[in-house]
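Working through the structure, step by step
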Amino acid sequence: MKFVVSRDALLKPLNLVAGVVERRQTLPILANVLMVLEGDRLSLTGTDLEVELVGRVTLPAAGTDGEVTVPARKLVDICKSLPDGCDIEFSADGSKVVVKSGRSRFTLSTLPAREFPSVDDSMGTHQFTVAQGQLRRLIERTGFAMAQQDVRYYLNGMLWEVTAEQLRVVATDGHRLAMCDLKAPLGVSETAQVILPRKGVLELSRLLMTEDADVAVVIGSNHVRATTEEFTFTSKLVDGKFPDYERVLPRAADKTVIGSRVELKQAFTRTAILSNEKYRGVRLLLADGNLTIIASNPEQEEAEEVVPVEYAGDGLEIGFNVSYLLDVLGVLSGEAVKLSLADANSSALLEEADDDGDSRYVVMPMRL
């Protein structure tokens, strides 16, 4: 196996593929990236057995075909350290691969390519194509609400619900819920619900860099695959039942507050400074035309902000984790935000005030 590639063409896919590789792997070969050359097409594959990513590079000239696995982190560090615009020459022979550029020469150990594991390649049951920017928006608007290391393992991921007319993604950690819809004719005949693992969601969002280019998605019984011009991403699915998110959406929220998103975000950011670092709780006091935000901490310090809002109704006092509210205000983009409440013990629904908002957020209250 022998070929020449420019550093700049190799570095971007190599970086992304190496991002999937586990640093603390049990199998030595999982620390390696698989390089396969066919003519002038070089593919790079990294996997941790849960997520697999294949990056593709077109070479300026055809090389000598072959396949080899090389240590991922070392190869990334070598390529990063070489000067911009240089060419890199690879040649594999036996159990070693030689990387040369200018006066630099590196010899790396390899492992047999035939031992490199591949993720299940069974046929998918649902297929659709959307723009990369649309899919990235869905992930960015909901990803923050995924649980991180919850014992309810099905919460450590993101629900994708595919119907003929829309793709809906939902994430929750039990304290808050984020939901975003993409209305588009997807051309699938049956509804499907699958849970992508947290790592798969984060890796996929890194790949969706070309706003208007398409990404083809295939959902199977135990995996999901997303293919773009430059990458093929495959992830195992979480085997579990996602909670019935429809039941979480507040139904009897008769109190509606509309306020400036920017003003509210700034007010919450300032009051958060004096909130209890452990509980992050703030109290919201609603009265005609005003929302008062109060935070205090064990040192008897207190912050108070008054924000003018559109509200006419009975007074209400309710507590929330200020971090959860700031997360939502950080991803919403409209000028005004609508907050729907029922009483001090019921969850709140946040959304953009204009009617065509595609995102909804539920935040559970806190007792303070």
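Residues numbered from 1 in each chain as written. Predicted model: local features only at pLDDT ≥ 70, side-chain atom pairs only at ≥ 80, totals over all residues. Heavy atoms only, no water.

Per the counting criterion, the structure on display carries 1 cavity of 30 Å³ or more. Volume-wise, the largest cavity comes out at about 100 Å³. Looking at the largest cavity, it is lined by 13 residues, and the ones nearest its centre are Leu264, Phe268, Val337, Leu339 and Leu350. Of all the secondary structure elements, the ones that give two or more residues to the lining of the largest cavity are strand S17 (255-260), helix H5 (261-272), helix H6 (322-331) and strand S22 (336-341). (1 Å grid on protein atoms, 1.4 Å probe; cavity = no way out; pocket = protein on both sides within 12 Å on 5 of 7 lines; lining within 4 Å. Points joined across faces, edges and corners; volume = space filled by probe spheres on them. Helix = DSSP H or I, 4+ residues; strand = E, 2+ residues; numbered from the N terminus.)

Glancing now at the environment of Asp356. Residue position: Asp356 is located in the loop between strand S23 (348-352) and strand S24 (359-363). It is 60 Å that separates the C-alpha atoms of Asp356 and Asp93, two residues lying 263 residues apart in sequence.

Most of strand S15 (residues 223-227) is tucked away: 4 of the 5 residues are buried. Pairing of strand S14 (residues 214-219) with S15 involves 4 bridges; the strand directions are antiparallel. By the bridge assignment, Ile219 is partnered in S15 with Val224. As consecutive antiparallel partners, S14 and S15 are separated by 3 residues. (Buried < 20%, exposed > 50% of the residue type's maximum accessible area, 1.4 Å probe, protein only. Pairing = 2+ DSSP bridges.)

Quick look at the pattern of salt bridges now. Tallied over the entire structure, the rule returns 20 salt bridges. The salt bridge involving Arg141 is made with Glu352; its shortest N-O contact spans 2.9 Å. Of the two residues, Arg141 sits in helix H3 (residues 132-142) while Glu352 sits in strand S23, which places them 211 residues apart along the sequence. We classify Arg141 as buried; its relative accessible area is 4%. A relative accessible area of 9% means that Glu352 is categorised as buried. For Asp254, the salt bridge goes to Lys255, with nearest N and O atoms at 3.9 Å. Residue classification places Asp254 among the exposed positions, given a relative accessible area of 59%. Taken together, the shared-partner salt bridges in this structure form one network comprising Arg168, Asp181, Lys183, Glu246 and Arg251. (Salt bridge = Lys/Arg side-chain N within 4 Å of Asp/Glu carboxyl O.)

Two quantities define a packed helix pair, namely the angle between the helix axes and the distance between the axes. The N-to-C vectors of H3 and helix H4 (residues 198-207) enclose an angle of 145 degrees; their axes lie 9 Å apart at closest approach. The handedness of the crossing between H3 and H4 is left-handed. When H3 is examined against H4, the residues Gln132, Leu135, Arg136 and Ile139 are found in contact with a partner set consisting of Val201, Leu204, Ser205 and Leu207. (Axes fitted to C-alpha atoms, helices over the stretch in contact; angles between N-to-C directions. Left-handed = near helix turned anticlockwise from the far one by under 90°. Contact = heavy atoms within 4.5 Å.)

It is worth spelling out the nonpolar core at this point. If you look at the biggest cluster of nonpolar residues, it comprises 98 residues, and the most contacted ones within it are Met35, Leu42, Leu75, Phe90, Leu135, Trp160 and Phe268. Considering each element in turn, this core owes the most residues, 7 residues, to helix H1 (residues 7-20). Discounting residues that sit within four places of it in the chain, Phe268 has contacts with Val282, Leu284, Ile293, Val322, Leu325, Leu326 and Leu329. Counting residues in hydrophobic clusters, the runner-up holds 11 residues, among them Leu159, Val170, Ile195 and Leu249. (Core = buried A, V, L, I, M, F, W, Y, C linked by side-chain atoms within 4.5 Å.)

Mean pLDDT for the protein chain: 94, with 100% of residues reaching 70 or above. Per-element averaging of pLDDT across the protein chain places H1 at the bottom with 94 and H5 at the top with 98. (pLDDT = per-residue confidence, 0-100.)

The next point concerns the sheet that holds S17. If you walk across this open sheet you meet the 8 strands as S13-S10-S11-S12-S24-S23-S22-S17, and the pairing is antiparallel. Edge positions in the sheet fall to strand S13 (192-197) and S17, since each of these pairs with one other strand and no more. If you compare each strand with its neighbour and ignore which way they point, the axes differ by 20 degrees on average. Of the pairings in the sheet, the one linking strand S12 (residues 176-183) to S24 comprises 5 bridges and is antiparallel in character. By the bridge assignment for S24, Arg176 is matched with Val363. Sheet strands touched by H4: strand S10 (157-162) and S13. Its angle to S13, the strand with the most contacts, is close to 85 degrees. Docked against the sheet, H6 engages S12, S22, S23 and S24, running at close to 175 degrees with respect to S24.

Turning our attention to H5. Structural remark: α-helix, 3.6 residues per turn; residues separated by three or four positions point the same way. The end-to-end C-alpha separation of H5 is 16 Å, in line with the 16 Å expected for 12 residues at 1.5 Å each. Buried residues of H5: Arg261, Leu264, Ala267, Phe268, Thr271 and Ala272, and no others. One side of H5 holds all its buried residues, which, seen down the axis, span an arc of 135 degrees. On its buried face, H5 sits against S17, strand S18 (281-287), strand S19 (290-296), strand S20 (302-308), H6 and S22. (Expected span 1.5 Å × (residues − 1). Arc of directions from axis to C-beta.)

Spatially, S20-S19-S18-S21 is the arrangement adopted by the 4 strands of the open sheet, whose pairing is antiparallel. The two strands at the open ends of the sheet, each matched to only one other strand, are S20 and strand S21 (316-321). This sheet shows a mean twist of 20 degrees between the axes of neighbouring strands, independent of strand direction. Strand direction decides the pairing type here: S18 and S19, joined by 5 bridges, are antiparallel. Residue pairing across strands places Arg283 opposite Ile294, the latter belonging to S19. Contacts between H5 and the sheet are confined to S18, S19 and S20, with S20 contributing the most and set at about 170 degrees to the helix. H6 contacts S18 and S21 of the sheet and is inclined by roughly 80 degrees relative to S21.

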